[in-house]
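Listed below, chain by chain, are the residues.
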Amino acid sequence: MDVVKFIVFCGLFSMISGIEPISAIGAIGTAVVAGIYTVFTPIKCHFHECCTSNWINLNTTVLREDLQRRLYGQHLVSNVVIKYLKSHMTKEPSRALALSFHGGTGTGKNYVSKIIAESIYRNGMRSKYVHLISATKEYPHKDMVPLYKDKLRELVENSVKECAQSLFIFDEIDKMPPGIIDTLKPYLDYYEQLAGVDYRNAMFLFLSNTAGEEITKHTLTKWQSESLREDIGLNEMERIISKATINTKTSGMYHSDLIIKHLITAYVPFLPMERKHIRQCIKDFLVAKNYYKRQDISEDAVRKISEELNYHPADLEVYSVTGCKRVPEKVDYIMEDYQE
Ligand SMILES: *[C@@H]1O[C@H](CO)[C@@H](O)[C@H](O)[C@H]1NC(C)=O
């Protein structure tokens, strides 16, 4: 019955408008779909993630608090990250944000990426606008670089087309086969548009161990001269990283000319972690895993767990070789004994 009415209506519409009947059905159908879409999109976006400020919005307070509360011994990280994210997200950016995180294993690079995602996207790392690309997992074969390049280009283009404020996190970029990262160059540049798409609101995080050794060396020199770790400035570290990355000819990132073209917005140094920072990580895990309430933590357990980790340099044993990375397994291992 309703179908008949609809067809009659389309017939009338076509006579009045002079459009042939089949096109009339198409036109009305399109209008109806568009109408439904207009009415239901806000409702849909109420329940499902959309590329709207309701779902994507930097909360600087949350970012600052999380960095302060959950990250240890990284006084240089918070300021840089907050400063650049804030200006990128509140002003019209002149190009995509590209932050390059440098530091040894377990110093908090992944952790900070996660905190960033959580402070911008309501769904955090699970957001469909956050893309984690692990170099070792996704680009294992050197001879497949052309294919990887195509896939990466496709990922970036489709993602940014869908949502301008997309976040791309490249983990272990130093282990990426050389050449792949060059693909990103046009998207990081000052172009207003590339084939009709504006990439300037996108965000890229590059995580690597590149310059990790140089950062440790410099931090140790400061430690030996008994100056405060907190007195290490960003400029001196940036110079060290910049020099080290240019000299690292084998690394996936810096083999490319990204750096030479100054397409990296800022370098973010992650310093090696001292025993006192490791103790803070251990306490967090003990509480997170319900071994203790914070006020009841056994200092003896903390000491035993921290002794399970290795420290370097060999003669001084100042910094944890693996940062906080192996803390969870060591906590479980030592706490086996404590629970009997
Ligand atoms: C940021 O988050 C905090 C805590 O969730 C909230 O109280 C505050 O209103 C938020 N600020 C903005 C600008 O959204």
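Quick notes on the rules
Residues numbered from 1 in each chain as written. Predicted model: local features only at pLDDT ≥ 70, side-chain atom pairs only at ≥ 80, totals over all residues. Heavy atoms only, no water. Buried < 20%, exposed > 50% of the residue type's maximum accessible area, 1.4 Å probe, protein only. Helix = DSSP H or I, 4+ residues; strand = E, 2+ residues; numbered from the N terminus. Pairing = 2+ DSSP bridges. Axes fitted to C-alpha atoms, helices over the stretch in contact; angles between N-to-C directions. Arc of directions from axis to C-beta. Contact = heavy atoms within 4.5 Å. Salt bridge = Lys/Arg side-chain N within 4 Å of Asp/Glu carboxyl O. Expected span 1.5 Å × (residues − 1). Left-handed = near helix turned anticlockwise from the far one by under 90°. Nonpolar A, V, L, I, M, F, W, Y, C, P; charged D, E, K, R; others polar. pLDDT = per-residue confidence, 0-100. Disulfide = S-S within 2.5 Å.

Asks: Quick rundown of the pairing of strand β4 (residues 203–208)? Include the residues and the values.
Replies: Counted residue by residue, β4 has six buried out of six residues, so it is predominantly covered. Residues of β4 alternate between two faces, with Met 203, Leu 205 and Leu 207 on one and Phe 204, Phe 206 and Ser 208 on the opposite face, all of them buried. Pairing between strand β1 (residues 97–102) and β4: six bridges, direction parallel. Bridging from a neighbouring strand, Leu 99 pairs with Leu 205 of β4. In the sheet, strand β3 (residues 167–171) pairs with β4 via four bridges, with the strands oriented parallel. Each residue of the ladder has a partner; that of Leu 167, found in β4, is Met 203.

Asks: Describe in detail the sheet that holds β1, supporting the description with residues and values.
Replies: The five strands lie next to each other as β2-β3-β4-β1-β5, forming an open sheet whose pairing is parallel. In this open sheet, the two strands that pair with only one neighbour each are β2 (130–134) and β5 (266–269). Neighbour-to-neighbour, the strand axes of this sheet turn through a mean angle of 15°, independent of strand direction. Bridge count for β2 against β3 is five bridges, and the pairing is parallel. Counted as the bridge partner of Ile 133 is Phe 170 from β3.

Asks: Give a detailed account of helix α3 (residues 60–70), specifying residues and quantitative values.
Replies: Restricting attention to buried positions, one finds in α3 the residues Thr 60, Leu 63, Asp 66, Leu 67 and Arg 70. Relative to the axis of α3, the buried residues are bounded by an arc of 135° and lie together on one face. Of the residues in α3, the exposed ones pointing more than 90 degrees away from the buried face are Gln 68 and Arg 69. Where α3 is buried, its residues contact α4 (75–90) and α5 (109–120).

Asks: So, the pattern of salt bridges: which residues are in play, and what are the values?
Replies: Per the stated rule, a full pass over the model turns up 18 salt bridges. Salt-bridge contacts for Arg 229 lead to Glu 274; the nearest nitrogen and oxygen are separated by 3.5 Å. With a gap of 45 residues between them, Arg 229 in the loop between α9 (212–224) and α10 (234–247) and Glu 274 in the loop between β5 and α11 (275–288) connect regions that are remote in the sequence. Because the salt bridges share partners, they merge into one network encompassing Asp 66, Arg 69, Arg 70, Lys 114 and Glu 118.

Asks: Give me the lowdown on α4, citing residues and values where you can.
Replies: Spanning 16 residues, α4 covers 24 Å between terminal C-alpha atoms, matching the ideal 22 Å at 1.5 Å per step. Buried within α4 are the following residues: Leu 76, Val 77, Ser 78, Val 80, Val 81, Ile 82, Leu 85, His 88 and Met 89.

Asks: Residues and numbers for the packing of α11 against helix α13 (residues 327–338), please.
Replies: Pairs of packed helices are described in terms of their axes, by the angle between the two and the distance that separates them. Taken N-terminus to C-terminus, the directions of α11 and α13 make an angle of 65°; their axes are 10 Å apart at the nearest point. Remark: the crossing between α11 and α13 carries right-handed chirality. Residues Ile 278, Cys 281, Ile 282, Phe 285 and Leu 286 of α11 touch α13, and the partners they reach there are Val 327, Pro 328, Val 331 and Met 335. Across the contact of α11 with α13, the residue classes break down as nine nonpolar, no polar and no charged.

Asks: How would you explain the confidence of the model for the protein chain if you had to name every residue and give the values?
Replies: Counting all residues, the mean pLDDT for the protein chain is 87, and 83% of those residues have values of 70 or more. Element-level mean pLDDT values for the protein chain span from 51 in helix α1 (residues 2–17) up to 97 in β2.

Asks: An account of the state of the cysteines is needed here, citing residue identities and associated values.
Replies: As used in these notes, a disulfide is a covalent bond between sulfur atoms, one from each of two cysteines. For the coordinates displayed, the defined rule picks out three disulfides. Here Cys 45 engages in a disulfide with Cys 50; their sulfurs sit 1.9 Å apart. Disulfide Cys 45-Cys 50: torsion about the S-S bond near -80°, hence left-handed. With respect to burial, Cys 45 and Cys 50 carry one shared label: buried. Here Cys 281 is linked by a disulfide to Cys 324, with a sulfur-sulfur distance of 1.8 Å. Handedness of the Cys 281-Cys 324 disulfide follows from its S-S torsion of about 75°: it is right-handed. With Cys 281 in helix α11 and Cys 324 in the loop between β7 (319–320) and α13, this residue pair connects regions lying 43 residues apart in the sequence. Overall, the relative accessible area of 7% leaves Cys 281 in the buried class. For Cys 324, a relative accessible area of 11% corresponds to the buried category.

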